[in-house]
Amino acid sequence: SVISITQSGNSSSFPSTPTGSPATSAMDQLLQRITDPSTFGLLTSPQYQARQWITELDQQSRNLDDARILQRYALATMYYAMNGREWTSTGEQSIEFVDPFTPECEWTGVSCGPYSARRRRLSDDTLNHTIFRIFLPSTNLKGSIPSEIGAISTLRELDLSKNAISGTIPNTIFDSWQYLLYLDLSENQISGSIPKAIWNLTDLRFLYLEENRLSGR
(Lines give C-alpha, C1' and ligand atoms only; values in the text may rest on other atoms or scores of the structure.)
Protein backbone atom coordinates (compact mmCIF):
# COMPACT_ATOMS: atom_id res chain seq x y z
CA SER A 1 0.00 0.00 0.00
CA VAL A 2 1.20 3.51 -0.80
CA ILE A 3 1.14 6.04 2.00
CA SER A 4 0.61 9.62 0.91
CA ILE A 5 -0.80 12.90 2.13
CA THR A 6 -4.51 13.30 1.44
CA GLN A 7 -4.22 17.01 0.81
CA SER A 8 -0.91 18.41 -0.37
CA GLY A 9 0.80 20.15 2.52
CA ASN A 10 -1.73 18.96 5.11
CA SER A 11 0.37 17.55 7.92
CA SER A 12 -2.68 16.46 9.91
CA SER A 13 -2.60 13.17 8.00
CA PHE A 14 0.46 12.16 10.03
CA PRO A 15 0.56 11.08 13.68
CA SER A 16 1.76 13.96 15.79
CA THR A 17 5.22 13.89 17.32
CA PRO A 18 6.53 16.78 19.45
CA THR A 19 8.74 18.88 17.20
CA GLY A 20 11.49 19.12 19.76
CA SER A 21 11.61 15.43 20.70
CA PRO A 22 15.09 13.84 20.73
CA ALA A 23 14.14 11.36 18.00
CA THR A 24 12.84 14.09 15.70
CA SER A 25 15.84 16.34 16.35
CA ALA A 26 18.29 13.52 15.57
CA MET A 27 16.43 12.65 12.38
CA ASP A 28 16.37 16.30 11.29
CA GLN A 29 20.12 16.55 11.76
CA LEU A 30 20.57 13.50 9.56
CA LEU A 31 18.23 14.72 6.81
CA GLN A 32 19.87 18.13 6.79
CA ARG A 33 22.99 16.50 5.38
CA ILE A 34 21.23 16.50 2.01
CA THR A 35 18.38 19.01 2.45
CA ASP A 36 18.20 22.73 3.08
CA PRO A 37 16.61 22.87 6.58
CA SER A 38 14.51 25.89 5.61
CA THR A 39 12.37 23.60 3.42
CA PHE A 40 11.11 21.80 6.52
CA GLY A 41 9.22 24.96 7.46
CA LEU A 42 7.22 24.92 4.24
CA LEU A 43 4.25 22.61 4.72
CA THR A 44 3.73 22.21 0.99
CA SER A 45 7.35 21.36 0.18
CA PRO A 46 8.20 17.80 -0.87
CA GLN A 47 11.04 17.86 1.66
CA TYR A 48 8.60 18.54 4.50
CA GLN A 49 6.24 15.84 3.30
CA ALA A 50 9.07 13.31 2.93
CA ARG A 51 10.37 14.24 6.38
CA GLN A 52 6.94 13.69 7.90
CA TRP A 53 6.60 10.37 6.14
CA ILE A 54 9.96 9.05 7.28
CA THR A 55 9.68 10.30 10.86
CA GLU A 56 6.03 9.48 11.50
CA LEU A 57 4.99 6.62 9.24
CA ASP A 58 8.00 4.73 7.93
CA GLN A 59 8.35 1.48 9.86
CA GLN A 60 11.53 0.37 8.10
CA SER A 61 13.66 3.39 9.00
CA ARG A 62 13.50 2.62 12.71
CA ASN A 63 16.07 -0.15 12.32
CA LEU A 64 18.22 1.13 9.48
CA ASP A 65 21.63 2.81 9.34
CA ASP A 66 22.02 6.42 8.24
CA ALA A 67 22.79 5.56 4.61
CA ARG A 68 19.61 3.54 4.20
CA ILE A 69 17.49 6.21 5.90
CA LEU A 70 18.85 8.91 3.58
CA GLN A 71 18.25 6.62 0.61
CA ARG A 72 14.59 6.17 1.57
CA TYR A 73 14.20 9.88 2.31
CA ALA A 74 15.66 10.83 -1.10
CA LEU A 75 13.19 8.53 -2.85
CA ALA A 76 10.31 9.86 -0.76
CA THR A 77 11.28 13.43 -1.66
CA MET A 78 11.26 12.44 -5.31
CA TYR A 79 7.81 10.88 -4.87
CA TYR A 80 6.29 14.01 -3.32
CA ALA A 81 8.12 16.39 -5.68
CA MET A 82 7.00 14.56 -8.80
CA ASN A 83 3.29 13.93 -8.37
CA GLY A 84 3.72 10.50 -6.81
CA ARG A 85 0.09 9.98 -5.93
CA GLU A 86 -0.80 10.07 -9.63
CA TRP A 87 1.95 7.86 -10.98
CA THR A 88 0.67 5.22 -13.36
CA SER A 89 2.09 2.15 -15.04
CA THR A 90 1.86 1.32 -18.73
CA GLY A 91 1.77 -2.39 -17.90
CA GLU A 92 -0.24 -4.45 -15.49
CA GLN A 93 2.07 -3.78 -12.57
CA SER A 94 0.72 -1.33 -10.00
CA ILE A 95 2.89 1.51 -8.73
CA GLU A 96 4.14 0.90 -5.21
CA PHE A 97 6.35 3.61 -3.75
CA VAL A 98 6.95 5.06 -0.27
CA ASP A 99 5.57 1.90 1.31
CA PRO A 100 6.49 2.10 5.02
CA PHE A 101 6.51 -1.68 5.46
CA THR A 102 8.77 -2.76 2.59
CA PRO A 103 12.43 -2.16 1.70
CA GLU A 104 12.95 0.54 -0.89
CA CYS A 105 14.53 -2.07 -3.17
CA GLU A 106 11.07 -3.60 -3.60
CA TRP A 107 9.45 -0.33 -4.71
CA THR A 108 8.37 0.01 -8.33
CA GLY A 109 11.24 0.91 -10.65
CA VAL A 110 13.98 0.61 -7.99
CA SER A 111 16.70 -2.03 -8.42
CA CYS A 112 19.37 -2.86 -5.87
CA GLY A 113 22.41 -5.08 -5.62
CA PRO A 114 26.21 -5.18 -5.65
CA TYR A 115 26.42 -4.03 -9.30
CA SER A 116 26.61 -0.38 -8.26
CA ALA A 117 29.12 -0.96 -5.51
CA ARG A 118 31.75 -2.96 -7.33
CA ARG A 119 34.46 -0.52 -6.29
CA ARG A 120 33.30 0.02 -2.74
CA ARG A 121 34.00 -1.99 0.40
CA LEU A 122 30.56 -2.54 1.85
CA SER A 123 28.95 -5.16 4.06
CA ASP A 124 26.80 -7.84 2.43
CA ASP A 125 23.63 -6.29 3.87
CA THR A 126 24.52 -2.85 2.54
CA LEU A 127 25.39 -4.32 -0.85
CA ASN A 128 22.02 -6.01 -1.10
CA HIS A 129 20.24 -2.71 -0.46
CA THR A 130 22.42 -0.48 -2.61
CA ILE A 131 20.39 1.21 -5.36
CA PHE A 132 21.91 1.00 -8.82
CA ARG A 133 18.85 1.73 -10.99
CA ILE A 134 15.74 3.92 -10.91
CA PHE A 135 13.54 3.10 -13.90
CA LEU A 136 10.31 5.11 -14.17
CA PRO A 137 9.67 5.96 -17.84
CA SER A 138 6.10 6.71 -18.96
CA THR A 139 4.87 6.87 -15.37
CA ASN A 140 3.14 10.28 -15.33
CA LEU A 141 5.91 12.00 -13.41
CA LYS A 142 5.31 15.75 -13.11
CA GLY A 143 7.08 18.55 -11.28
CA SER A 144 10.80 19.15 -10.84
CA ILE A 145 13.63 16.77 -10.07
CA PRO A 146 14.60 17.32 -6.40
CA SER A 147 18.28 17.74 -5.57
CA GLU A 148 17.96 15.12 -2.82
CA ILE A 149 17.99 12.35 -5.43
CA GLY A 150 21.70 13.08 -5.83
CA ALA A 151 22.24 11.57 -2.38
CA ILE A 152 21.86 8.10 -3.92
CA SER A 153 25.56 8.08 -4.78
CA THR A 154 25.64 4.46 -6.00
CA LEU A 155 23.21 5.11 -8.85
CA ARG A 156 24.32 3.66 -12.19
CA GLU A 157 21.16 4.04 -14.28
CA LEU A 158 18.38 6.64 -14.18
CA ASP A 159 15.50 6.58 -16.66
CA LEU A 160 12.72 9.16 -16.18
CA SER A 161 11.95 9.53 -19.87
CA LYS A 162 8.55 10.07 -21.50
CA ASN A 163 6.98 11.95 -18.61
CA ALA A 164 6.00 15.57 -17.95
CA ILE A 165 8.93 16.65 -15.78
CA SER A 166 9.46 20.41 -15.75
CA GLY A 167 11.88 22.85 -14.16
CA THR A 168 15.64 22.62 -14.46
CA ILE A 169 18.13 19.82 -13.82
CA PRO A 170 19.76 20.49 -10.42
CA ASN A 171 23.50 20.92 -10.83
CA THR A 172 24.24 19.38 -7.45
CA ILE A 173 22.81 15.94 -8.24
CA PHE A 174 25.90 15.10 -10.27
CA ASP A 175 28.36 15.84 -7.46
CA SER A 176 28.06 12.35 -6.01
CA TRP A 177 27.02 10.34 -9.07
CA GLN A 178 30.54 9.22 -9.91
CA TYR A 179 29.30 5.78 -11.02
CA LEU A 180 26.47 6.97 -13.29
CA LEU A 181 26.54 5.07 -16.58
CA TYR A 182 23.10 5.70 -18.12
CA LEU A 183 20.91 8.82 -17.94
CA ASP A 184 17.66 9.21 -19.88
CA LEU A 185 15.56 12.33 -19.28
CA SER A 186 14.28 12.57 -22.85
CA GLU A 187 10.73 13.49 -23.87
CA ASN A 188 9.93 15.74 -20.91
CA GLN A 189 9.46 19.49 -20.44
CA ILE A 190 12.77 20.22 -18.72
CA SER A 191 14.15 23.72 -19.33
CA GLY A 192 17.30 25.70 -18.62
CA SER A 193 20.90 24.84 -19.39
CA ILE A 194 22.44 21.39 -19.47
CA PRO A 195 24.53 21.25 -16.28
CA LYS A 196 28.25 21.34 -17.04
CA ALA A 197 28.81 18.83 -14.26
CA ILE A 198 27.37 16.12 -16.53
CA TRP A 199 30.54 16.19 -18.62
CA ASN A 200 32.63 15.38 -15.53
CA LEU A 201 30.96 11.97 -15.12
CA THR A 202 33.73 9.65 -16.27
CA ASP A 203 31.57 6.51 -16.29
CA LEU A 204 28.71 8.06 -18.28
CA ARG A 205 28.24 6.25 -21.59
CA PHE A 206 24.57 6.83 -22.48
CA LEU A 207 22.96 10.27 -22.27
CA TYR A 208 19.51 11.08 -23.66
CA LEU A 209 18.15 14.61 -23.21
CA GLU A 210 16.32 15.17 -26.49
CA GLU A 211 12.78 16.54 -26.78
CA ASN A 212 13.09 18.92 -23.85
CA ARG A 213 13.56 22.68 -23.66
CA LEU A 214 17.22 22.55 -22.77
CA SER A 215 19.99 24.80 -24.04
CA GLY A 216 23.75 24.41 -24.22
CA ARG A 217 26.02 21.62 -25.26
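Residues numbered from 1 in each chain as written. Predicted model: local features only at pLDDT ≥ 70, side-chain atom pairs only at ≥ 80, totals over all residues. Heavy atoms only, no water.

J.: Can you tell me about the confidence of the model for the protein, naming the residues and giving the values?
T.: Confidence in the prediction of the protein, expressed as mean pLDDT, is 85, and 81% of residues score 70 or more. Note on residues 1-19: pLDDT is under 50 here. Beyond four places in sequence and across chains, it has 46 contacts. A low-confidence stretch, residues 116-123 stays under pLDDT 50, and its non-local contacts, those more than four residues away or across chains, total 19 contacts. (pLDDT = per-residue confidence, 0-100. Contact = heavy atoms within 4.5 Å.)

J.: Residues and numbers for the packing of aromatic side chains, please.
T.: Tallied over the full model, the rule gives nine aromatic pairs. The interplanar angle of 50 degrees and the centroid separation of 5.2 Å between the aromatic rings of phenylalanine 97 and tryptophan 107 together place this pair among those described as tilted. Of the two residues, phenylalanine 97 sits in the loop between helix 3 (66-81) and strand 1 (110-112) while tryptophan 107 sits in the loop between helix 3 and strand 1, which places them ten residues apart along the sequence. Each of the two residues, phenylalanine 97 as well as tryptophan 107, counts as buried. With a centroid separation of 5.7 Å and 55 degrees between ring planes, the pair formed by tyrosine 182 and tyrosine 208 is classed as tilted. Of this pair, tyrosine 182 sits in strand 6 (residues 182-184) while tyrosine 208 sits in strand 8 (residues 206-208), placing them 26 residues apart in sequence. For tyrosine 182, a relative accessible area of 23% puts it in the partly exposed group. (Phe/Tyr/Trp six-rings, centres within 6.5 Å; stacked < 30°, edge-to-face > 60°. Helix = DSSP H or I, 4+ residues; strand = E, 2+ residues; numbered from the N terminus. Buried < 20%, exposed > 50% of the residue type's maximum accessible area, 1.4 Å probe, protein only.)

J.: If you had to explain the state of the cysteines to someone new, which residues and values would you point to?
T.: The final tally for this structure, using the stated rule, is one disulfide. Between the sulfur of cysteine 105 and that of cysteine 112 lies a disulfide, 2.0 Å long from S to S. One quick way to see it: the torsion about the S-S bond of cysteine 105 and cysteine 112 is about -90 degrees, and its sign makes the bridge left-handed. For the pair formed by cysteine 105 and cysteine 112, the shared burial category is buried. (Disulfide = S-S within 2.5 Å.)

J.: If you had to explain helix 2 (residues 46-57) to someone new, which residues and values would you point to?
T.: Under the 1.5 Å per step criterion, the end-to-end length of helix 2 is 15 Å for twelve residues, consistent within 8% with the ideal 16 Å. When you tally the buried positions in helix 2, you get eleven out of twelve residues, the bulk of the element. The complete set of buried residues in helix 2 reads Pro46, Gln47, Tyr48, Gln49, Ala50, Arg51, Gln52, Trp53, Ile54, Glu56 and Leu57. (Expected span 1.5 Å × (residues − 1).)

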